[in-house]
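# Examination of the molecular architecture
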Amino acid sequence: MRRSRFAGAVKSITREQRAGWLDTLSFDVRPPVTSDDSAIAEQRVSQLTYVPLLLGVAHLISSIAILFHYGFAIPAHVAPWLFGAMVLAMLFDLAALAFMQMRARLEVSPRTVTLVMSLVVLVSSGLWTVFGYAASMLPDSGPSGILPIVIGTVIVASAVAVSSSPPLAVVCAFVGTLGAAIVSGDPAVVGGIGTMSMVVVGYSVASARAMIATAHDRQLLDHEAHKALHFVNEFENSGRGWFWETNSQGTLSYVSQQLADDFQTDPETLLGRQFTTLLSVDATPEGGIGEERTLGFHLSARFPFSDVIVRAATNDDVHWSLSGNPVFDDNGRFMGFRGIGTDLTEQRRSEQEITRLARFDSLTSLPNRAMMRQTLEEALRNAAVRQKGCALFLIDLDRFKNVNDTLGHPIGDALLRQVAERLKLVMGNHGQVGRLGGDEFKAVLPGTVETGLLESLAKTLIEQVSRPYMIEGHKVTIGASVGISIGDPGRACADALVRNADLALYAAKAAGRGVHCFYEQSMHSEATDRQALENDLRQAIDRNEMSVVYQPIVRTAGEEVCGFEALVRWTHPARGAIGPDKFIPLAEECGMIEKIGTFVLRTAVEEASHWPDQIRIAVNLSPIQFNNPGIVATVAAALSDYKLRAERLELEITEGVFLADNDATDETFANLKALGVRLALDDFGTGYSSLGYLKKAPFDKIKIDQSFVRGAASRDNRNAAIIRAIVTLADSLGMDTTAEGVETHDDLHLIRELGVSQIQGYIFGRPADGVAARELASRQTVEADGFACVREPRQSLMRRAITAINGDLMEIRLRNISAMGALVECETPVAPGTQLTIDIVGVGPVVGTVRWAQANRFGMQFAEQFEITRLAPRREKLNDVTMLAPWYVADRSKIAN
């Protein structure tokens, strides 16, 4: 747009330069065509400021000359006309002068001023004609008198006064010539005045034409200068470069503001300084002599130069690229240098940053994958020379993706930076740690192959990384798994070492995460098998290989079924049944857990819709599912599709959901509670901060982990105290409790005594399919079935023994003998709690208590631990044994008698 306006201005200037006489004559009175014409018109009209004053002076002088000539003896009949015309003309001149002085404030256009001044000249000259006519009536006023001379002088003076404006000059000449003809009547006088008027008009037009052309030329130059200045300013302000200029002595005569900014001063301060004093003569970073000397040579030799890189003499690391040319005048005299400069500081920093990024991680500043690969290869080469091995750690952060997805990438980035600092502190001088990308790190330990040291470093590393982090008010907890491979000097290669460490890392993660593993040869086949299993898992649901089974949950008080827990099972067409402990971690790792979790949720809700209305269904939610923003909508859709009341659905959540402890977690809890579902904290007591979770999360139930339940009835076990504390805590918070993994009657009895609300375990039923679950759900109660107590290792040998029951001596048989008890076959009924002393044939007497009894058998718990080794195999026949009454039986008989 700017270029088109400039081109239009140049065309207008060219047209005005070729303008003819008529165009010049009318220039002052026609409307301006362009802004340039307006500027010229304003410039020209400023020359008319004192024209009224000049006219008034001419009128005054001529009037005084006439009055002195006639001695002020003016006849009465002429005086009014003479003095009246003279006074009016001079008053008109003064009014015109006042108008010209006030035109700026009146904001009158140049064209209006010219028209007004033309009217002034016309009226003033007309009045002067009247003055001349009145003067012609005086004696001695003929052609030979002073009057024609005075009139001619006034006309010429007026024409000269207005000669700068052709329209005014034409008006003045016309009125003056007409007035001379009226006053004088002499053809010679009229012709002379007319000729002088035409000369003045011609001069006015010629001078105006020259002036307009000169103004147009100046405007053209101004346009070019403004354009050049605009380009200079635009170039300097763009930051792409700046200008400099020196005189013949090498001192600066012009510098741009950008150059002055590098010295934190203004351009005027630098003017007059030697240009070379702004440059540093230090050696370049590469170790060679800088290019300042090359620049000095060009300046002294007055040779042009281009793209010479120099360093500015500042405290900062500023580099310039300079180009310049010598300047000579028309006579060949050297005037100095003029050139441009470019700041290369940012470019050099960018190049250095690119070089750094090629070798270091931009987030953590640790060596990146390429740099660590180079480090590993160098370590292996040095190991071959020094005959020392090299170890490699591959480190993967556990649960980092969960933090990244829930708290956002900025929190994840901050977490990675803190992890990097901890890794560097742990590794110390033992090796170099780097980041491969994402949440994967690598450590190269040259010369370190001692298994004990490597194991100690790995444990310390896992411990330090697993400590909680505080990031922007969020408490974040993650873990780490480490895979370790050791390379023999001269035989190991980088690819093999990385592959082996990767296999060891995968084994560590499969072992439960938070551990370290050394590479073993068998891991290759395991990795192949794991990959095949993962591929099959991705298609398991579509192939209907996944199923859901249901384990009953029973109320402790009445032993009626109050709910079921939904458990997923995978039956592989070739491998058979695959345990959840094997495929669930694999599903979490490969991203299938949400699909499997949704399948279990919808299947379980559909099945529960066929049960009695008081029976609940419990479904496990993995931390990945829970932290998905769409989990509430998924649960709501399942309830709506199968018309199940929300309070019948119980979602079991582990403390893993709290690893990213943030507002999103609290919001999900609130939305699920608003939906109406129940929430249970699963595997309670296995984490380090479960009490904190109970304080803030709206749980309805606590599930006591089976590790606390199994064997709780044993006398040397403190789990009972822990269970009692959990029950007390739950009661105080208004929560139910469920004991998982109850398998024996002893544990069942203890759980009841401790006040646990609900029981889940094999004693009331193993997980079964939907048909069996429907049948069980329709029952009123369920009968406990299982061992009386936790069984110790047993001998399957049968032993005969003798005991006294109710005073009667009889033979019994012992089966499944363990260190703590035995299964006894006996024809006589025995009540639980009865204390017996039995004499095992070939072994001796053993004292114990009956714990449970059924038809023809009962379970006996020994008072003291029995040594299984006393049961030596014996080859004896029944008819070879002589039945003798033991000493204690005899004693009892005596006591009875």
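For the structure, check the block above.
Here goes a summary of the coordinates provided. (Residues numbered from 1 in each chain as written. Predicted model: local features only at pLDDT ≥ 70, side-chain atom pairs only at ≥ 80, totals over all residues. Heavy atoms only, no water.)

Before going further, it helps to spend a moment on the sheet that holds strand β12 (residues 479-487). In space, the 5 strands of this open sheet follow the order β8-β9-β7-β12-β13, with mixed pairing throughout. Edge positions in the open sheet fall to β8 (432-437) and β13 (516-518), since each of these has one partner strand only. Ignoring strand direction, the axes of neighbouring strands in this sheet form an average angle of 20 degrees. Across 9 bridges, strand β7 (residues 390-398) lies against β12 in antiparallel orientation. Each residue of the ladder has a partner; that of Ile-395, found in β12, is Val-482. (Pairing = 2+ DSSP bridges. Helix = DSSP H or I, 4+ residues; strand = E, 2+ residues; numbered from the N terminus. Axes fitted to C-alpha atoms, helices over the stretch in contact; angles between N-to-C directions.)

Our focus in this paragraph is the nonpolar core. Within the largest apolar cluster, 79 residues are counted, with the highest numbers of intra-cluster contacts made by Phe-564, Ile-617, Leu-649, Leu-651 and Phe-699. Top contributing element to this core by residue count: helix α21 (residues 593-608), with 7 residues. Filtering out sequence-adjacent residues up to four positions away, Ile-617 remains in contact with Tyr-550, Phe-564, Ala-566, Ala-604, Ala-608, Trp-611, Leu-644, Arg-648, Leu-649 and Glu-650. Within the second largest apolar cluster, 35 residues are counted, among which are Leu-397, Met-427, Ala-443 and Val-465. (Core = buried A, V, L, I, M, F, W, Y, C linked by side-chain atoms within 4.5 Å. Buried < 20%, exposed > 50% of the residue type's maximum accessible area, 1.4 Å probe, protein only. Contact = heavy atoms within 4.5 Å.)

With that settled, consider helix α29 (residues 770-777). Of the residues making up α29, those classed as buried are Gly-770, Ala-773, Leu-776 and Ala-777. Looking straight down α29, one finds that the buried residues subtend no more than 125 degrees of arc, so they occupy a single side. Those residues of α29 that are buried are in contact with β14 (546-555), β15 (561-572) and α21. (Arc of directions from axis to C-beta.)

This part takes up the packing of aromatic side chains. Under the counting rule described, the total for this entry stands at 13 aromatic pairs. With centroids separated by 5.6 Å and ring planes inclined at 80 degrees, the aromatic side chains of Phe-669 and Phe-699 adopt a geometry described as edge-to-face. Taken together, the residues Phe-669 in helix α24 (residues 663-675) and Phe-699 in the loop between α25 (690-696) and β21 (701-704) connect sequence positions 30 residues apart. One exposure class covers both Phe-669 and Phe-699, and it is buried. Cluster of aromatic residues (ring-pair linked, three or more members): Trp-244, Phe-275, Phe-305, Phe-328, Phe-334 and Phe-337. Seen from the ring of Tyr-469, Arg-422 lies directly overhead, with NZ or CZ sitting 3.6 Å from the centre. The ring centre of Tyr-762 lies 3.9 Å from the NZ or CZ of Arg-766, which sits over that ring. (Phe/Tyr/Trp six-rings, centres within 6.5 Å; stacked < 30°, edge-to-face > 60°. Lys NZ or Arg CZ within 6 Å of the ring centre and 35° of its normal.)

Take the sheet that holds strand β28 (residues 821-825) next. Read once around its circumference, the closed barrel built from 6 strands follows the order β25-β26-β28-β31-β30-β29, with strand pairing classed as antiparallel. Direction aside, the axes of adjacent strands within the sheet are offset by 45 degrees on average. Inspection of the sheet shows strand β30 (residues 844-854) paired to strand β31 (residues 857-862) by 6 bridges, in the antiparallel sense. Bridged to Thr-849 within β31 is Gln-861.

What follows covers the pairing of β8. Bridging between β8 and strand β9 (residues 440-446) involves 5 bridges; their strand directions are antiparallel. Directly across from Gly-434, in β9, lies its bridge partner Lys-442. Hairpin connection between β8 and β9: a loop of 2 residues separates the two successive antiparallel strands, and Gly-438 in this loop has a positive phi of roughly 60 degrees.

On to a nonpolar patch on the surface, then. A cluster of nonpolar residues, Val-87, Leu-88, Leu-91 and Leu-94, forms a patch on the protein surface that exposes about 370 Å² of accessible area. Inspection of the secondary structure assignment puts Leu-94 in helix α5 (residues 79-106). (Patch = residues over 30% accessible without salt bridge, like charges linked within 9 Å, V, L, I, M, F, W, Y side chains within 5 Å. Areas by Shrake-Rupley, 256 points an atom, 1.4 Å probe, with all protein chains shown as cover. Salt bridge = Lys/Arg side-chain N within 4 Å of Asp/Glu carboxyl O.)

Two side chains carrying opposite charge are able to pair once their charged atoms lie near each other. Scanning all chains against the criterion turns up 27 salt bridges. Across the pair Arg-435 and Asp-361 runs a salt bridge, and its minimum N-O distance is 3.1 Å. Of this pair, Arg-435 sits in strand β8 while Asp-361 is found in the loop between α13 (345-357) and α14 (369-386), placing the two residues 74 residues apart along the sequence. Here Arg-435 falls in the buried class, since its relative accessible area comes to 11%. Through salt bridges with shared partners, one network takes in Glu-565, Glu-652, Lys-703 and Glu-740.

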